[in-house]
Amino acid sequence: MPAAHLPGMDYERPLFFRVMQYAARADRDVVGMVSGNPDWEPPAALRDGLRAYADADPEAFQYPPSEGLTKLRAEIAERRGVDVDRVIVTNGTGEANYLAMASALDRGAGDEILLTDPVYPYYPGKTELLGGTQRYVPADEDGQLDPAAVRERASEDTAAILVNTPNNPTGAVYDEATMRDLVAIAEANDALLLSDEVYDHFDYSGRFASALGVDSEHRIVTNAFSKSMAITGFRVGYAVFPEELVDAAKTRHMLVNVAGSRPAQQAVLTALQETDPAYYEANRELMAERVETFTAALDDAGAEYTTPDGGFYVLARFEDFPGTLANVERLIDEAGVAGMPGDAFGTAREDWLRFALVTPRVEEAADRLAEFFG
Ligand SMILES: Cc1ncc(COP(=O)(O)O)c(C=O)c1O
């Protein structure tokens, strides 16, 4: 069956594009809060690196090592405190998650991927694509994951427990004790903890704890520069694998991609080496301010909402206005604000709408919502 017809694949791709297209065709000005594309500048060194690359010798335009530029892998390994051999540079977090899930299913230790509800829609899609089965653990009202609930649902069928912290769409950040428990549950069930940490630079709580902090052969961490450097179009990410699984993952990466983009990797390497921590701090502060502005205005609109501890998104609920596609389209037409339907993220937030705060117009958007619902 073609992948596009698998149930999980009906999720984000068509819906996401459908909402964006609907908003673009609208007969009025619309504040776009659908996608997670940063609206701020990348590091200056990234632009410099890219410019310099244009004048490099033709040799620099040929295949890089399949697992990623050696210097970039070394830089990542050093920053993350891991052995360089375990690092694979991927086509964004998207590919890193795909490789991680494939590894877990290929181990022959279960065919089930434990996911959270709400869920980032590509996870069920990839699970289906890879022939795995899905099982869900509900997150609590704040988006937190109770390790006891995960423990209860994990079994010998579990190939992987897949989590995302800071979380899309809930904004939850899992603390160190939770991450330790999740790794222990993976170990106890001969499964892998897969931790997608693509929003790690956007922790407003100070409680974010990478799964890399828990030493184990039963965890894979995925990440990218997509959000931290505001370059979702560059497609440079990475995965840190356990020693015993890394070679098979490198092979899969090579057979699927041959290699990643060399100019993009080189520009990211330059930016990593030359960017002051103040760059990342400023963007985190900008997002934290937007969270405050948007949620304060949601108060005026009488909405219920989650205050994110991290990431780019706010979930909001308006009375008698469930998070369906029809209502999303109504908000575009009648309020001039485009969000995502909560029912795209599983069953737990069907009554909610998700708004991405990667626009300078968050206050205007919230005012429009207040007016519409007021
Ligand atoms: C939770 C999560 N994982 C992965 C991705 C994809 O990241 P990348 O662009 O690095 O592939 C996104 C993008 O929004 C995301 O929200």
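Everything quoted here is computed from the prediction, not taken from an experiment.

*Asks:* Could you give an account of the overall build of the chain, naming the residues involved and the relevant values?
*Replies:* Along the backbone of the chain there are 12 helices and 13 strands. Taking 2.2 N^0.38 as the reference for a compact globule, 374 residues should give roughly 21 Å; the C-alpha atoms of the chain span a radius of gyration of 20 Å, in line with that estimate. Each principal axis of the C-alpha distribution contributes one length, and for the chain these read about 55 × 55 × 45 Å. The proportion of buried residues among the 374 residues of the chain is 52%. Contacts in the chain between residues far apart in sequence, at least 24 positions, make up 76% of those at least 6 positions apart.

*Asks:* So what's going on with the packing of helix H4 (residues 92-106) against helix H8 (residues 243-257)? Residues and values would help.
*Replies:* Where H4 meets H8, the axes come as close as 10 Å, and the angle between the chain directions of the two elements is 125°. Between H4 and H8, the angle is such that the two are oblique. Crossing geometry of H4 relative to H8 is assigned as right-handed. Contact residues: H4 offers Leu99, Ala102, Ser103 and Asp106, while H8 offers Leu245, Ala248, Ala249, Arg252 and His253.

*Asks:* Help me get a handle on the sheet that holds strand S13 (residues 353-356), residues and values and all.
*Replies:* Pairing is antiparallel across the open sheet formed by 4 strands, whose spatial order is S9-S10-S13-S12. Looking at the sheet topology across the chains shown, the edges are occupied by strand S9 (304-305) and strand S12 (340-341). Two elements, strand S10 (residues 313-317) and S13, share 4 bridges in a ladder whose sense is antiparallel. Among the inter-strand pairings, Ala316 is bridged to a residue of S13, identified as Leu353.

*Asks:* Before we move on, could you go through the sheet that holds strand S7 (residues 219-224) and cite the residues and values that matter?
*Replies:* With mixed pairing, 7 strands are arranged side by side in an open sheet as S2-S8-S7-S6-S5-S3-S4. Looking at the sheet topology across the chains shown, the edges are occupied by strand S2 (87-90) and strand S4 (133-138). Here the average twist between neighbouring strands, direction ignored, is 25°. Judged from the 3 bridges that link them, strand S3 (residues 112-117) and strand S5 (residues 158-164) form a sheet pairing that is parallel. Across the sheet, the residue bridging to Glu112 is Thr158, located in S5.

*Asks:* Describe helix H3 (residues 70-80), with residues and values.
*Replies:* Those residues of H3 lying buried are Leu72, Arg73 and Ile76. On an axial view of H3, the arc spanned by its buried residues comes to 100°, and they lie on one face. Buried residues in H3 make contact with S2, strand S8 (237-240) and helix H9 (262-274). Positive backbone phi, at 65°, marks Gly81, one or two positions downstream of H3.

*Asks:* Give me the lowdown on the environment of Leu129, citing residues and values where you can.
*Replies:* With respect to the secondary-structure elements, Leu129 resides in helix H5 (residues 122-129). A sequence separation of 27 residues divides Leu129 from Ala102, and the C-alpha atoms of the two residues are 9.8 Å apart.

*Asks:* Run through the domain arrangement of the chain, naming residues and quoting values.
*Replies:* Its domain assignment divides the chain into domain 1 (3-41 + 278-373) and domain 2 (62-274). A separation of 25 Å is found between the C-alpha centroids of domain 1 and domain 2. Each partner contributes residues to the interface: domain 1 has 33 residues there, and domain 2 has 35 residues. Secondary structure elements with two or more residues in the side of domain 1 that touches domain 2: helix H10 (277-300) and S10. Broken down by element, the side of domain 1 that touches domain 2 gets its largest block of residues, 5 residues, from H10.

*Asks:* So what about H9? Which residues, and what values?
*Replies:* Given a rise of 1.5 Å per residue, 13 residues ought to cover 18 Å, and the 18 Å separating the end C-alpha atoms of H9 matches this to within 8%. Inspection of H9 places Ala264, Gln265, Gln266, Ala267, Val268, Leu269, Thr270, Ala271 and Leu272 among the buried residues, and these make up the whole buried set. Those residues of H9 that are buried lie in contact with helix H2 (44-54), H3 and S2.

*Asks:* Tell me what's going on with the nonpolar core, and back it up with residues and numbers.
*Replies:* Grouped together as the largest cluster of nonpolar side chains are 113 residues, with contacts concentrated most on Ala160, Ile161, Ala239 and Val268. Two domains each put at least three residues into this core: domain 1 (3-41 + 278-373) and domain 2 (62-274). Sequence-distant contacts of Ala239, that is, excluding residues within four places in its chain, are made with Ile88, Thr90, Ala96, Leu99, Ala100, Ile220, Val221, Thr222 and Ala249.

*Asks:* A description of the site of the ligand should follow, citing residues and the corresponding values.
*Replies:* In the region of the ligand, 13 residues are neighbours, and Gly92, Thr93, Gly94, Ala224 and Ser226 sit closest. Looking at which element gives the most residues to the shell around the ligand, the answer is H4, with 3 residues. Broken down by class, the residue content of the shell around the ligand amounts to 3 nonpolar, 9 polar and 1 charged.

*Asks:* Quick one: what's the story with the pairing of S13, residue by residue and with numbers?
*Replies:* Residue alternation in S13 divides its side chains into two sets, Leu353 and Phe355 and Arg354 and Ala356, and both sets are buried. Direction of pairing for S12 relative to S13: antiparallel, over a ladder of 2 bridges. Looking across to S13, one finds that Met340 is bridged to Arg354.

*Asks:* Give a detailed account of the packing of H2 against H9, specifying residues and quantitative values.
*Replies:* Following both chains from N to C, one finds H2 and H9 inclined at 140°, their axes separated by 8 Å at the closest point. In terms of their interaxial angle, H2 and H9 are classed as oblique. In this structure, H2 meets H9 at a crossing whose hand is right-handed. Taken together, the residues of H9 that come into contact with H2 (itself represented by Ala45, Leu46, Asp48, Gly49, Leu50 and Tyr53) are Pro263, Gln266, Ala267, Val268, Thr270, Ala271 and Glu274.

About the criteria used
- Residues numbered from 1 in each chain as written.
- Predicted model: local features only at pLDDT ≥ 70, side-chain atom pairs only at ≥ 80, totals over all residues.
- Helix = DSSP H or I, 4+ residues; strand = E, 2+ residues; numbered from the N terminus.
- Rg over C-alpha atoms; globule rule 2.2 N^0.38 Å.
- Buried ≥ 20, exposed ≤ 12 C-beta atoms within 10 Å, placed from the backbone.
- Contact = placed C-beta atoms within 7 Å.
- Axes fitted to C-alpha atoms, helices over the stretch in contact; angles between N-to-C directions.
- Parallel < 35°, antiparallel > 145°, perpendicular 65-115°, else oblique.
- Left-handed = near helix turned anticlockwise from the far one by under 90°.
- Pairing = 2+ DSSP bridges.
- Arc of directions from axis to C-beta.
- Domains from an automatic or database assignment.
- Expected span 1.5 Å × (residues − 1).
- Core = buried A, V, L, I, M, F, W, Y, C linked by C-beta atoms within 7 Å.
- Near = placed C-beta within 6 Å.
- Nonpolar A, V, L, I, M, F, W, Y, C, P; charged D, E, K, R; others polar.

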